[in-house]
Amino acid sequence: MRVAIVGATGAVGKELIKVLEARDFPVDELRLFASPRSAGKTVNFQGRPHTVEVTPEGPIPTDVVLASAGGSVSKKLAPLWSSEGAVVIDNSSAWRYDPEVPLVIPEINPDAARAHKGIIANPNCTTAILAVALWPLHKAFRATNVVVSTYQATSGAGAEGMQELLDETRNYLEGRPVGHKVFQHPIAFNVIPHIDAFQDNGYTREEMKVVWETRKIFDEPEMKISCTAVRIPTLRAHSEAATVLFERPVTPEAARAVLEEAPGVEVVDEPAENRYPMPLSATGKWDVEVGRIRQNLAFDNALDFFVSGDQLLKGAALNAVQIAELLL
Ligand code: A2P
């Protein structure tokens, strides 16, 4: 297969290159694109240097375009990139809510990918990490209400977000003034309950992405979901605490048994051994860690659990490459 990566020099783009290599994706030809700033740089793939080119404003002569260069670039250019037959797997939010564009997590709705008309959307990272754990529970016990609070790493804001955490932590520790550019407030030694723009209903767009996207991927347009999205001063991997009410009788043991068999999930749930999901242990893993599975004390027939997943992998690059594997 001929593959192109748009946004190849970014945080997700770099992971895309590594994931293609690690999964032995059959790449016959790889082309790398970014902004004019990066044109001419070289990046190694399978031991050979590849030159970064300026992203075209027209068709890309390839089979699959893995795009991660931001929403405005994709909104404008994805239809052009795909206009001569390439399939664009887009990591931005530009196309996710378009009824003509499938939104796909291969463990959940692989068949939806077949209906594409040139663009397939990759879900938001927070949605993807929750959904791989929630879906098997939903299938087994039917989830009716979901309340989730997130603990999101700076990697969610790209390579610049991670750099801001490192720089501002250093400034803080060395007694220099602490500032912020990428985030709305200083991120070092802080938590910020504000990711993406506030909407009329008081939720942020990041929070509503979890609602809209989970419903679309699960094909459950009425599912009741509420989210609080919080940025925390970690580098990579998002965590989420979920409370889920179910229709069918559920126990933590039954849920654990279902999750043990679920693809894309690793149960890490041995409190006596201090083993539970954490960003540091989830970083670099393809599977999403799930643990702290317990009966919720406030609602009947409800569970609490905690997930940690690599935002750049299952939340982005890995899921995109898995979608490309569906197309093979
Ligand atoms: P560049 O490195 O040349 O700026 P991140 O999410 O880590 O910030 O990465 C964003 C990626 O998208 C980078 O590869 C970046 O390239 C690329 N990019 C940003 N703006 C554009 C644009 N207008 N056209 C094409 N690629 C872009």
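Treat the numbers as computed from the prediction; the structure is a model and nothing was measured.

Regarding the sheet that holds strand S5 (residues 64–67)
Judged by pairing direction, the sheet is mixed, and its 7 strands sit side by side in the order S3-S4-S2-S1-S5-S6-S7 without closing on themselves. The open sheet terminates on both sides in strands that have one partner only, identified here as strand S3 (42–45) and strand S7 (119–121). Across the sheet, the axes of successive neighbouring strands diverge by a mean angle of 25°, strand direction being ignored. Its contacts with the sheet put helix H1 (residues 11–22) on strand S1 (2–6), strand S2 (29–34), S3 and S5, and the angle it makes with S3 is roughly 25°.

Notes on the domain arrangement of the chain
In terms of domains, the chain is made up of domain 1 (2–123 + 316–327) and domain 2 (127–311). Computed over C-alpha atoms only, the centres of domain 1 and domain 2 are separated by 25 Å. Taken residue by residue, the interface counts 18 residues in domain 1 and 18 residues in domain 2. For the pair domain 1 and domain 2, the summed buried area comes to about 1,600 Å², and 65% of that belongs to carbon and sulfur atoms. Three residues stand out in domain 1 for area buried against domain 2, namely Tyr97, Glu107 and Ile108, and they jointly supply 35% of the buried area on that side. One can count 2 salt bridges joining domain 1 with domain 2. The salt bridge partner of Glu15 is Arg236, with a shortest N-O separation of 3.1 Å.

Details of the sheet that holds strand S9 (residues 224–228)
Strand order in this open sheet of 6 strands is S9-S8-S10-S13-S12-S11, and the pairing throughout is mixed. What marks the edges here is a single partner per strand, and that holds for S9 and strand S11 (265–267). Within the sheet, the average angular offset between the axes of one strand and its neighbour, ignoring direction, is 25°. With 8 bridges joining them, strand S10 (residues 238–246) and strand S13 (residues 302–309) adopt antiparallel strand pairing.

Topic: the pairing of strand S6 (residues 87–90)
Judged by which residues are buried, S6 turns out to be covered on both faces: Val87 and Ile89 on one side and Val88 and Asp90 on the other are all buried. Running through helix H2 (residues 71–81), the crossover from S5 to the neighbouring parallel element S6 is right-handed. Of the strand pairs in this sheet, S6 and S7 are connected by 3 bridges, and their pairing is parallel. Among the inter-strand pairings, Val88 is bridged to a residue of S7, identified as Ile119.

Focus on the site of the ligand
With respect to spatial proximity, 15 residues lie near the ligand, and among them Thr9, Ala11, Ser35, Arg37 and Ser38 are the closest. One nitrogen or oxygen atom from the main chain of Gly10 is found 3.0 Å from an oxygen atom belonging to the ligand. A distance of 2.7 Å is found between an oxygen atom of the ligand and a side-chain nitrogen or oxygen belonging to Arg37. Calculation on the ligand without its partners gives an accessible area of 580 Å², and the protein chains cover 70% of this total. Residue composition of the shell around the ligand, by class: 6 nonpolar, 8 polar and 1 charged.

What about the nonpolar core?
By size, the foremost hydrophobic cluster in this structure holds 55 residues, and its most contacted members are Val65, Trp81, Phe218, Val244, Phe246, Val290 and Phe305. Per-element accounting of this core gives the leading share, 10 residues, to helix H3 (residues 125–141). Counting contributing residues per domain, this core is built from domain 1 (2–123 + 316–327) and domain 2 (127–311), each supplying no fewer than three. Apart from the residues lying within four places of it in its own chain, the contact partners of Phe218 are Ile108, Ala131, Leu134, Trp135, His138 and Met223. Among the nonpolar cores identified, the runner-up in size contains 33 residues, and Met1, Val19, Val87 and Ile89 belong to it.

Quick notes on a nonpolar patch on the surface
There is a patch of nonpolar side chains on the surface, built from Tyr172, Leu173, Val178 and Phe189 and spanning about 430 Å² of accessible area. When you line up the elements, Val178 lands in the loop between helix H4 (158–173) and helix H5 (205–218).

A word on the packing of aromatic side chains
Within the structure shown, the criterion is met by 5 aromatic pairs. Over the ring of Trp286 we find Arg23, and its NZ or CZ is 4.7 Å from the ring centre. A cation over an aromatic ring shows up here: Lys75 above the ring of Trp95, its NZ or CZ 4.3 Å from the ring centre.

Focus: the environment of Asn190
In this fold, Asn190 is placed in the loop between H4 and H5. Since its relative accessible area comes to 30%, Asn190 is described here as partly exposed. In this structure the C-alpha to C-alpha distance between Asn190 and Glu270, which are 80 residues apart in sequence, comes to 29 Å. Residues within four places of Asn190 in sequence aside, it is in contact with His185, Ile232 and Pro233. Looking at Asn190, its side chain comes within polar contact range of the main-chain oxygen of Pro186, at 2.9 Å.

Notes on the environment of Lys41
The residue Lys41 is located in the loop between S2 and S3 in this model. C-alpha separation for the pair Lys41 and Val52, spaced 11 residues apart in sequence, amounts to 5.4 Å. Beyond its immediate sequence surroundings of up to four residues, Lys41 is in contact with His50, Thr51 and Val52.

Each value, and the rule that gives it
Residues numbered from 1 in each chain as written. Predicted model: local features only at pLDDT ≥ 70, side-chain atom pairs only at ≥ 80, totals over all residues. Heavy atoms only, no water. Pairing = 2+ DSSP bridges. Helix = DSSP H or I, 4+ residues; strand = E, 2+ residues; numbered from the N terminus. Axes fitted to C-alpha atoms, helices over the stretch in contact; angles between N-to-C directions. Contact = heavy atoms within 4.5 Å. Domains from an automatic or database assignment. Buried area = accessible area lost by both parts, 1.4 Å probe. Salt bridge = Lys/Arg side-chain N within 4 Å of Asp/Glu carboxyl O. Buried < 20%, exposed > 50% of the residue type's maximum accessible area, 1.4 Å probe, protein only. Right-handed = clockwise from strand over helix to strand, strands pointing away. Near = heavy atom within 4 Å. Polar contact = N/O pair within 3.5 Å; in protein donor to acceptor, adjacent residues only side chain to side chain. Areas by Shrake-Rupley, 256 points an atom, 1.4 Å probe, with all protein chains shown as cover. Nonpolar A, V, L, I, M, F, W, Y, C, P; charged D, E, K, R; others polar. Core = buried A, V, L, I, M, F, W, Y, C linked by side-chain atoms within 4.5 Å. Patch = residues over 30% accessible without salt bridge, like charges linked within 9 Å, V, L, I, M, F, W, Y side chains within 5 Å. Phe/Tyr/Trp six-rings, centres within 6.5 Å; stacked < 30°, edge-to-face > 60°. Lys NZ or Arg CZ within 6 Å of the ring centre and 35° of its normal.

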